[in-house]
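Below are the chains, spelled out letter by letter.
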Amino acid sequence: ADDVFVLVDAWKQSHNDIQRVNGELESVWLKRRMVSTYGRTLQSVFNTSFTTAMAFISTAISPVMPIAAFGIYAALCIVSLCSCMN
């Protein structure tokens, strides 16, 4: 959910940052906005995913087996999802 919030916020800000040139097709303008949005959110999305994965990894030291297993599983899911997005 953090990633979506960051992406949507950057998309809204790109409306003011990326001005449409006279005579430019809307599809070209939207593509420029999307490239700018992805470039702007890449570091933030990585940081939020990394810290969330590390929080789940920290539960691996729990003496309670189901909690440790869940932490490892959740961390692996977050890392694989983040790698699919990039």
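Residues numbered from 1 in each chain as written. Predicted model: local features only at pLDDT ≥ 70, side-chain atom pairs only at ≥ 80, totals over all residues. Heavy atoms only, no water.

**Structural notes on the overall build of the protein chain**
- The number of helices and strands found in the protein chain is three helices and zero strands.
- Ordered by position in the sequence, the α and β elements of the protein chain form the string α-α-α.
- Taking 12 Å as the expected radius of gyration for a compact globule of 86 residues, we find that the protein chain reaches 18 Å, considerably beyond that expectation.
- Seen through its principal axes, the protein chain has C-alpha atoms that stretch 65 × 20 × 15 Å.
- Taken over 86 residues, the protein chain has a buried fraction of 21%.
- A sequence separation of at least 24 residues applies to 40% of the contacts in the protein chain between residues at least 6 apart.
- Split by element, the accessible area of the protein chain, about 6300 Å² in all, is 69% carbon and sulfur.
- Charged side chains in the protein chain number 6 positive and 6 negative. The centres of these two groups are separated by 7 Å. (Helix = DSSP H or I, 4+ residues; strand = E, 2+ residues; numbered from the N terminus. Rg over C-alpha atoms; globule rule 2.2 N^0.38 Å. Buried < 20%, exposed > 50% of the residue type's maximum accessible area, 1.4 Å probe, protein only. Contact = heavy atoms within 4.5 Å. Areas by Shrake-Rupley, 256 points an atom, 1.4 Å probe, with all protein chains shown as cover. Lys, Arg positive; Asp, Glu negative; His and termini not counted. Charge placed at Lys NZ, Arg CZ, Asp CG, Glu CD.)

**What to know about a nonpolar patch on the surface**
- On the surface, F46, F50, M54 and I57 cluster together into a nonpolar patch covering about 370 Å² of accessible area.
- Locating M54 in the fold gives a position in helix α2 (residues 26–57). (Patch = residues over 30% accessible without salt bridge, like charges linked within 9 Å, V, L, I, M, F, W, Y side chains within 5 Å. Salt bridge = Lys/Arg side-chain N within 4 Å of Asp/Glu carboxyl O.)

**Side note on the packing of helix α1 (residues 2–17) against α2**
- Remark: α1 packs on α2, axes separated minimally by 8 Å, with the N-to-C direction vectors making an angle of 145°. Between α1 and α2 lies a crossing whose hand is right-handed. Contacts from D2, D3, V6, L7, A10, W11, Q13, S14, H15 and D17 in α1 reach W29, L30, R33, M34, T37, Y38, R40, T41, S44, V45, T48 and S49 in α2.
- Counted by class, the contact of α1 with α2 contains nine nonpolar, eight polar and five charged residues. (Axes fitted to C-alpha atoms, helices over the stretch in contact; angles between N-to-C directions. Left-handed = near helix turned anticlockwise from the far one by under 90°. Nonpolar A, V, L, I, M, F, W, Y, C, P; charged D, E, K, R; others polar.)

**A short note on the pattern of salt bridges**
- Under the defined criterion, the tally for this structure stands at two salt bridges.
- Residue R40 is joined to D17 by a salt bridge in which the shortest nitrogen-to-oxygen separation is 2.9 Å. Taken together, the positions of R40 in helix α2 and D17 in helix α1 put the pair 23 residues apart, joining distant regions of the chain.

**Structural notes on the packing of aromatic side chains**
- Overall, the coordinates contain two aromatic pairs when judged by the stated rule.
- With a centroid separation of 5.8 Å and an interplanar angle of 20°, the aromatic rings of F46 and F50 are classed as stacked. Here F46 pairs with F50, and both are found in helix α2, just four residues apart, close to one helical turn.
- F46 gets classed as partly exposed once you look at its relative accessible area, which sits at 44%.
- Taking 5.7 Å as the distance between ring centres and 85° as the angle between the ring planes, the aromatic pair formed by F56 and F70 counts as edge-to-face. Taken together, the residues span a long stretch of sequence, with F56 in helix α2 and F70 in helix α3 (residues 65–85) at a distance of 14 residues. (Phe/Tyr/Trp six-rings, centres within 6.5 Å; stacked < 30°, edge-to-face > 60°.)

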